[in-house]
Amino acid sequence: PAAAAPAGTKKVIANLFEWNWTSVASECQSTLGPKGYGWVQVSPPQEHVRRSEWWVSYQPVSYRIESRKGTRAQFTSMVDTCHAAGVKVIVDAVVNHMSGQDTPGTGWAGSSFSHYDYPGTYQSQDFHYCGRPGNEISNYGDRWEVQNCELVNLADLKTESEYVRSRLAAYLNDLLSLGVDGFRMDASKHMPAADIAAIKAKLSRSAYIVQEVIYGAGEPITPNEYTGNGDVHEFRYGKDLARVFRSERLAYLRNFGEGWGHLPSSVSAVFVDNHDTQRDFGGVLTYNDRGIYALANAFMLAWPYGSPTVMSSYTFGNRDQGPPQDSSGRTLNTTCYSGWECEHRWPVIANMVGFRNATEGAGVANWYDNGYQHIAFSRTGKGYLTVNDEDFAITGRSYYTGLPAGRYCDVIHGTYSNGTCSGPVITVDANGWFAATVPAHDAIAIHVGARL
Ligand code: LAG
Ligand code: CA
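The sections below set out a description of the structure shown in this document. (Residues numbered from 1 in each chain as written. Chains lettered and ligands numbered in written order. Predicted model: local features only at pLDDT ≥ 70, side-chain atom pairs only at ≥ 80, totals over all residues. Heavy atoms only, no water.)

## Points about unusual backbone geometry
Its identity as a non-glycine residue notwithstanding, N135 has a phi of 55°, on the positive side. Residue position: N135 is located in the loop between β5 (112-113) and α3 (143-148). Residue N135 is classed as buried on the basis of its relative accessible area, which comes to 16%. Its identity as a non-glycine residue notwithstanding, Y337 has a phi of 70°, on the positive side. Locating Y337 in the fold gives a position in the loop between β10 (307-312) and α9 (347-359). (Helix = DSSP H or I, 4+ residues; strand = E, 2+ residues; numbered from the N terminus. Buried < 20%, exposed > 50% of the residue type's maximum accessible area, 1.4 Å probe, protein only.)

Rendered as structure tokens:
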């Protein structure tokens, strides 16, 4: 079963990183559905090691759907609630490895484990021992090593073995039986594409697949190898976009995407930042960049390349810091703008999801740039965005949109609902033009779904 690019008319994904299931469910109802997000990506749901850092989620000890984010019943009810709100669910699936603790322990739900023994699930013969120092990956120039050694000490599964493939498929099929719609395949680079294909072939029904393959210059394993299985995360997108915003020119974005050597649009999954890049990739734009971050997301949502994911973070001071949790380690309910950034709710970003949906399928036309930090383009007949990232306002200019004449809500500064706009209204004349001032580091966006 294949399904590249999220299905449906609403394709934008919100990544509610480390949210608990109860909070994901209410967010689907209150915000994701109403704002037009089509999908929510949730953090790994399986049983994990017990510690406070966020990354415990990436150290499975069994495939019980019990984690600090909630119980199996809460997970199931979250999936149902999201579906009722018109939002499909993508699970972050950790399939390359198990835990990385050197000392034996007990997992979140009580399962005993040691580094290479997970009673009832895997035993020592199910893991790779690559024979390099510490069994650790050190040379990303060596394909075999990257796929057969350990990523940061995480016990590396023999994904070539029939037993391991069946066990992984059983886990994913369990999630599908609960209604899950797709999987983010964690650490895909560390598994041969053929192993992922073999696991996918065992799935009980079709599911959206997006694979995490971090592009590395000169590395033998490339994102392109994985496109036969489904979508692939294009890590160059967020890096290049940050560089353009921070130190280059927005004018360079006129051919952003394939023109920059990125993956083919139809299989590319993009984001401004994700949970790893916001911590570990210096220079990427994050919630800390506030207005510029919002503008970068607005560009991503307006620009028809790839399938966009909007990141939603909790506030962190150091890279290992876990999400807000209670004294027994359960993740607390999300409180937006207090301990949690909720970027997906920022008005600019949330309103641009509506722009994405209204302009789906329309090409880019009427590109304009001033050679530097002021750009504009239309999505043929459907929408128009202009971004001014100069340090000065652009005043008294007219923009050719090609849009039908009418009064449109500027969704960067206002929210459209029930036929009214809470912000400025832009009037497009009979010839498709409007005149407006765009302040420094600001934007204007209009689309046919927010026409008064
Ligand atoms: C991923 N994609 O390929 C995840 O997106 C990424 O967040 C995961 O790393 C990684 N692969 C493994 O699934 C995260 C943290 C690591 C953390 C690891 C395992 O970025 O820092 O490692 O999850 O929890 C931590 C310690 C290591 C230690 C390891 C094992 O940082 O020092 O060796 O745990 O105990
Ligand atoms: Ca591996």
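## A short note on the coordination of the calcium ion (ligand 2)
Within the protein, the calcium ion (ligand 2) binds to N96 (OD1), Q147 (O), D156 (OD), D156 (OD) and H190 (O); these donor distances fall in the range 2.4 to 2.7 Å. Here the donor residues of the calcium ion (ligand 2) are spaced in sequence according to N-x50-Q-x8-D-x33-H. Within this pair, whereas D156 is found in the loop between α3 and α4 (162-177), its partner H190 is found in the loop between β6 (182-185) and α5 (193-201), the two being separated by 34 residues in sequence. With relative accessibility at 0%, the residue D156 sits in the buried group. Classification of H190 as buried rests on a relative accessible area of 7%. (Donors = N, O, S within 2.8 Å, 3.2 Å for Na, K, Ca; no water.)

## A word on empty space enclosed by the protein
The final tally for this structure, using the stated rule, is two cavities of 30 Å³ or more. In this model, the largest cavity occupies a volume close to 60 Å³. Forming the walls of the largest cavity are N15, Q41, R184, H233, F271, N274, H275 and T309. The residue makeup of the lining of the largest cavity, split by class, is one nonpolar, six polar and one charged. Roughly 40 Å³ of internal volume is contained in the second largest cavity. Taken together, N15, F17, Q41, V42, S43, Y58, D92, R184 and H275 make up the lining of the second largest cavity. When the residues that make up the lining of the second largest cavity are grouped by side-chain class, the tally is three nonpolar, four polar and two charged. (1 Å grid on protein atoms, 1.4 Å probe; cavity = no way out; pocket = protein on both sides within 12 Å on 5 of 7 lines; lining within 4 Å. Points joined across faces, edges and corners; volume = space filled by probe spheres on them. Nonpolar A, V, L, I, M, F, W, Y, C, P; charged D, E, K, R; others polar.)

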